[in-house]
Amino acid sequence: VPYYGENLTSGYAVGLDMKLYGEFVPGTDSWLSLSLMRTQQKYQGQWVPLPTDQRYALNLHFTDYFPGTDRWKMTLRLAYADGLPFSAPRNILAQGRMTPYRRIDIGATWSFNRKTAKFMRAESARHVKQWSLQLECFNLVGWNNVNGYFWATDADGTQWASPEYLTGRRVNFKVRVDLQ
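Residues numbered from 1 in each chain as written. Predicted model: local features only at pLDDT ≥ 70, side-chain atom pairs only at ≥ 80, totals over all residues. Heavy atoms only, no water.

**Some thoughts on a nonpolar patch on the surface**
Now for step 1: A surface patch of nonpolar side chains, about 680 Å² in accessible area, is lined by Leu16, Met18, Leu20, Leu32, Leu34, Leu36, Leu58 and Tyr80.
Now for step 2: Secondary-structure elements contributing two or more residues to the nonpolar patch are strand S1 (10-22) and strand S2 (30-43).
Now for step 3: Among the secondary structure elements, Leu16 is positioned in strand S1. (Patch = residues over 30% accessible without salt bridge, like charges linked within 9 Å, V, L, I, M, F, W, Y side chains within 5 Å. Areas by Shrake-Rupley, 256 points an atom, 1.4 Å probe, with all protein chains shown as cover. Salt bridge = Lys/Arg side-chain N within 4 Å of Asp/Glu carboxyl O. Helix = DSSP H or I, 4+ residues; strand = E, 2+ residues; numbered from the N terminus.)

**So, the packing of aromatic side chains**
Now for step 1: Taken as a whole and judged by the stated rule, the model has nine aromatic pairs.
Now for step 2: Pairing Tyr12 with Trp47 gives two aromatic rings, centres 5.6 Å apart and planes at 65°, and the pair type is edge-to-face. Here Tyr12 is found in strand S1, whereas its partner Trp47 is found in strand S3 (residues 46-49), with 35 residues between them in sequence.
Now for step 3: In this structure Tyr12 comes out as partly exposed when scored by relative accessible area, which is 34%.
Now for step 4: Among the residues examined, Trp47 registers a relative accessible area of 41% and is labelled partly exposed.
Now for step 5: Taking 6.0 Å as the distance between ring centres and 20° as the angle between the ring planes, the aromatic pair formed by Trp72 and Trp110 counts as stacked. You can see Trp72 sitting in strand S5 (residues 72-81) and its partner Trp110 sitting in strand S8 (residues 101-113), a full 38 residues away along the chain. (Phe/Tyr/Trp six-rings, centres within 6.5 Å; stacked < 30°, edge-to-face > 60°. Buried < 20%, exposed > 50% of the residue type's maximum accessible area, 1.4 Å probe, protein only.)

**So, the pattern of salt bridges**
Now for step 1: According to the stated counting rule, one finds eight salt bridges in the structure shown.
Now for step 2: Here Asp82 and Arg55 are joined by a salt bridge, their closest N and O atoms 2.6 Å apart. Of this pair, Asp82 sits in the loop between S5 and strand S6 (85-86) while Arg55 sits in the loop between S3 and strand S4 (56-65), and the two are 27 residues apart along the sequence.
Now for step 3: Asp82 sits in the buried class, given a relative accessible area of 5%.
Now for step 4: Arg176 serves as the salt-bridge partner of Asp178, at 3.0 Å between the closest nitrogen and oxygen.
Now for step 5: Its relative accessible area of 25% is what places Asp178 among the partly exposed residues.
Now for step 6: Judged by relative accessible area, Arg176 falls into the partly exposed class, the value being 48%.
Now for step 7: Three or more residues are tied together by salt bridges with common partners; here these are Arg38, Asp53, Arg55, Asp82 and Arg97.

**Structural notes on the layout of surface pockets**
Gaps left between atoms are located by rolling a probe of water-molecule size over the structure's atoms.
Now for step 1: In this structure, the second largest pocket occupies an estimated 350 Å³ of space.
Now for step 2: Looking at the lining of the second largest pocket, the elements that each hand over two or more residues are S4, S5, S8, strand S9 (128-138) and strand S12 (170-179).
Now for step 3: Among the elements that take part in the lining of the second largest pocket, S9 stands out by supplying six residues, more than any other.
Now for step 4: Its residues assigned to classes, the lining of the second largest pocket shows two nonpolar, eight polar and seven charged. (1 Å grid on protein atoms, 1.4 Å probe; cavity = no way out; pocket = protein on both sides within 12 Å on 5 of 7 lines; lining within 4 Å. Points joined across faces, edges and corners; volume = space filled by probe spheres on them. Nonpolar A, V, L, I, M, F, W, Y, C, P; charged D, E, K, R; others polar.)

**Description of the pairing of S9**
Now for step 1: Both S8 and S9 contribute to a ladder of eight bridges, which runs antiparallel. Considered in S9, the bridge of Trp110 is made with Leu133. (Pairing = 2+ DSSP bridges.)

**Observations regarding the pairing of S1**
Now for step 1: With one of 13 residues buried, S1 lies mostly on the surface of the structure.
Now for step 2: Taken together, the 13 bridges between S1 and S2 define a ladder with antiparallel strand orientation. Residue pairing in the sheet places Gly11 in a bridge with Gln41 of S2.

In structure tokens form, the structure reads like this:
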């Protein structure tokens, strides 16, 4: 982002953020959100998107229990957002837009407490209120989301953009202990 130290441009930012939140299943959190935003500046008579001009974002977070039990819980998260504008270094005019950001995460949690687990009835676990084991897969599909660009200049002075990607698919295992 070039900084000239003078007021060379004028611009605006306008947006709307909406969220529908609820418990589709009692005791679980679920929501759907939609964000709309536009940020632009007028530079030398031309409207140029600012680096933060992500025009839309849609997110879903859904949690449900496995049938017949409240000890097993599943969480699904989906994200889809517009790509951000980019340009070559020291160039204020945006040359393009990154590919849209998209991601799917899924996870399963198994929770147990004194009533549901025999080993927790031991004297050594008297201060433990609940345990949970969680297995999650982030970026389930393994999409290559662009984080930015590395710019290389050839001998003729032409600049070439090479995408830098965010982390791909990851699996996470978590143990949680809630104390009394």
